[in-house]
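# Examination of the molecular architecture
Here is what each chain is made of, one letter per residue.
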Amino acid sequence: MTKTLASLLRHRLDDLPRGVECPTYAVEDLTPGIVHIGVGNFHRAHQAWYLHRLMQHGEARDWAIIGAGVRPDDAVMRDRLQAQGYLNTLIELRPDGSDAEVTGPMIDFTPVQADNAALIAQMADPAIRIVSLTVTEGGYFVDPATGRFEATHPDIAHDVANPKAPRTAFGAIVAALARRRAAGAGPFTVQSCDNLQGNGNVTRDTVVSLAQMMDPALADWIDGQCSFPNSMVDCIVPATGPAEIAKARALGIEDAAPVTHENYRQWVIEDAFCAGRPEWEKVGAILTNRVHDYEAMKIRILNAGHQVLANAGELLSLGTIADCMAHAGLLAFFRKVQQDEIVPYVSAVPDMSPTAYARLIETRFANPAIRDTTRRVAFDGASRHPGFVLPIVRDALAAGGQIEGLALVEALWARMCAGTRENGGVIAPNDPSWNRLNGAALSAKERPRAWLEQEMLYGDLAQSQPFCSAFDTALSLIWREGTEAALARYIRHAG
């Protein structure tokens, strides 16, 4: 017999299957306090979930979320969520089963417009006290080689020339703050929820630097009045495709944009909010002045750990991160790189040593219920390798430590960017800079150093003889004998 499906609608929550937790609050109980730019799966499974938990306890109901996007394809998400009253099905995937809940802290989503007029007007509303972002690690206009604001980027140049019709999220933020300053409405907090070390500091630099190019007095006001808290965010959230929609349907829920996530989440936040904030600590967030230590542990062990696996997984036709962990050679490689070349450059945090955290990450990555694709994890390596992997290489070189495994990680990325798997299958473009990366990768097949000459990625590492030598050896071996042979050689001989 076909299961009856319940559509996600605010006035039909009683129709949802028994056992699915639903909002105890009605949309008329909520008023906005947050604009969130970049409403993807991670935001809905993480920041929005913490807010939902507060609302379930009768709190934070004046902090509802207005969604927003600055890319044309953000309109697709807007349309899907608008059709179901901005409700979301979150499906928690454990190795032994799953649970589902419906959340509803979002109450609107601004129209997605080329000039961002509706977004600017919404952020200029004095009711908005936080503007948060998940725009990916590469979306902050930071030169990966220098760590400095990319003032010459074409989108930044457009915003400087068109301050009232900006193209970027940051241009829209500056435009909204200019309105608030002129109206005496006060500042708001700009809260990054992306995987960047010092994400608040990076966000401040991008916003203030852009404002400086437009109006120095406004830039000074933003720098002095707004706050940009650093934070660390942690929850594995796969992309949604037909399989995830089918999971929701199997539960009896018709949801055009369900979210699956692991049975773990963590949010560590610097308590620096110029216009107030929800009391997230009541539902498990950690408010601390040690965000840097938490984020360094997570970014180095989890995010860099993802890059240890993903490119090799693509080359070996392993579809998911769990599949990578089930591959004996890749698991041994992952463990050795973590133990010998990553953990030594991570500080402990309260109640968690780097070694214990590495064991936790291994367990989380191996969860077979999480269909987190190697393709998703490998996406935008041009941002992720400089952000997650190369800082560890620099620390290891400075300490005289081992770098052979990390050099192999970079060589595997270079080989993956050549665009073919070891079985001859084609790897579709998977990076905003794919054409450049692909050209460098093909040149590096004969001359490995061509890959490291991408100064925007490697900077001074291209002059490090130990790193260059280890990279040359690894990439040559991969092309000559294959990925598994390169992994086996490292496991046998490194250290």
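Here is a short report on the structure shown in this document. (Residues numbered from 1 in each chain as written. Predicted model: local features only at pLDDT ≥ 70, side-chain atom pairs only at ≥ 80, totals over all residues. Heavy atoms only, no water.)

## Concerning the environment of alanine 114
The cut-off we apply is this: Helix and strand labels come from DSSP, where a helix needs a run of H or I of at least four residues and a strand needs a run of E of at least two; each type is numbered from the N terminus. The contact criterion used is simple: two residues touch if any of their non-hydrogen atoms lie within 4.5 Å.
Residue placement: alanine 114 occurs in the loop between β6 (106–109) and α4 (117–124). Expressed as a C-alpha distance, the spacing of alanine 114 and proline 258, which sit 144 residues apart in the sequence, is 27 Å. Those residues in contact with alanine 114, other than ones at most four positions away along the chain, are Pro166 and Arg167.

## Regarding the state of the cysteines
For the record, the criterion: Any two cysteine sulfur atoms lying within 2.5 Å of each other are counted as a disulfide. Burial classes follow relative accessibility: with a 1.4 Å probe on protein chains only, a residue under 20% of its type's maximum area counts as buried, one over 50% as exposed, and anything between as partly exposed.
Scanning the model with the defined rule gives 0 disulfides in all. Left unpaired, cysteine 226 is separated from the closest cysteine sulfur, that of cysteine 274, by 5.5 Å. Taking relative accessible area as the criterion, cysteine 226 reaches 5% and is therefore assigned buried.

## A look at the packing of helix α12 (residues 328–342) against helix α21 (residues 483–493)
Put simply, the rule is: Throughout, an axis means a line fitted to C-alpha atoms (over the contacting stretch in the case of helices), and angles, computed between N-to-C directions, take values from 0 to 180 degrees. The cut-offs work like this: below 35 degrees is roughly parallel, past 145 is roughly antiparallel, 65 to 115 is roughly perpendicular, and the gaps in between are oblique. Should the near helix be turned anticlockwise from the far one by less than a right angle, the crossing is termed left-handed; should it be turned clockwise, right-handed. All amino acids are sorted into three groups, where Ala, Val, Leu, Ile, Met, Phe, Trp, Tyr, Cys and Pro are nonpolar, Asp, Glu, Lys and Arg are charged, and the leftover types, Gly among them, are polar.
Between α12 and α21, the least distance of the axes is 10 Å, while the angle of their chain directions is 45°. Of the possible angle classes, the one that applies to α12 and α21 is oblique. Where α12 crosses over α21, the two elements pack in a sense that is left-handed. Packed against α12, whose contacting residues are Gly329, Leu330, Ala332, Phe333, Lys336, Val337 and Glu341, the element α21 presents Leu487, Tyr490 and Ile491 at the interface. For the contact of α12 with α21, the per-class residue count stands at 7 nonpolar, 1 polar and 2 charged.

## Examining the sheet that holds strand β12 (residues 266–269)
Paired through their backbone hydrogen bonds, the strands of a sheet run either parallel or antiparallel. The line we're drawing: Pairing between two strands requires that DSSP report at least two bridges joining them.
As summarised here, the arrangement of the 3 strands in space is β9-β12-β13, forming an open sheet in which the pairing is mixed. The sheet terminates laterally at β9 (231–234) and β13 (286–287), the two strands that pair on one side only. Sheet topology places β9 next to β12; 4 bridges connect them, and they run antiparallel. Its bridge partner lying in β12, methionine 232 is registered against valine 268. Most of the contacts of helix α10 (residues 291–315) go to β9, to which it runs at about 35°, and overall it touches β9, β12 and β13.

## Here's the deal with the packing of aromatic side chains
How we decide: Only Phe, Tyr and Trp rings take part, Trp by its six-membered ring, and two of them pair if their centres are within 6.5 Å. Stacked means planes under 30 degrees apart, edge-to-face means over 60, and tilted covers everything else. When the NZ atom of lysine or the CZ atom of arginine is within 6 Å of a ring's centre and also within 35 degrees of its normal, the charge is said to sit over that ring.
In the structure shown here, the tally under the stated rule is 10 aromatic pairs. Taking the centre distance of 5.3 Å and the plane angle of 50° together, the rings of tyrosine 50 and tryptophan 267 count as tilted. Taken as a pair, tyrosine 50 in helix α2 (residues 47–56) and tryptophan 267 in strand β12 lie far apart in primary sequence, 217 residues in all. Side by side, tyrosine 50 and tryptophan 267 carry an identical accessibility label, which is buried. Between phenylalanine 333 and tyrosine 490, the ring centres sit 5.5 Å apart and the planes meet at 85°, which makes this aromatic pair edge-to-face. A residue pair is termed long-range when its members are at least 10 positions apart, and phenylalanine 333 in helix α12 and tyrosine 490 in helix α21 qualify at 157 residues. Since its relative accessible area comes to 0%, phenylalanine 333 is described here as buried. Overall, tyrosine 490 belongs to the buried group, its relative accessible area being 4%. Members of the aromatic cluster, each reached through a chain of ring pairs, are Trp49, Tyr50, Trp267, Phe273 and Trp280. Note that lysine 336 overlies the ring of tyrosine 490, its terminal NZ or CZ placed 6.0 Å from the centroid.

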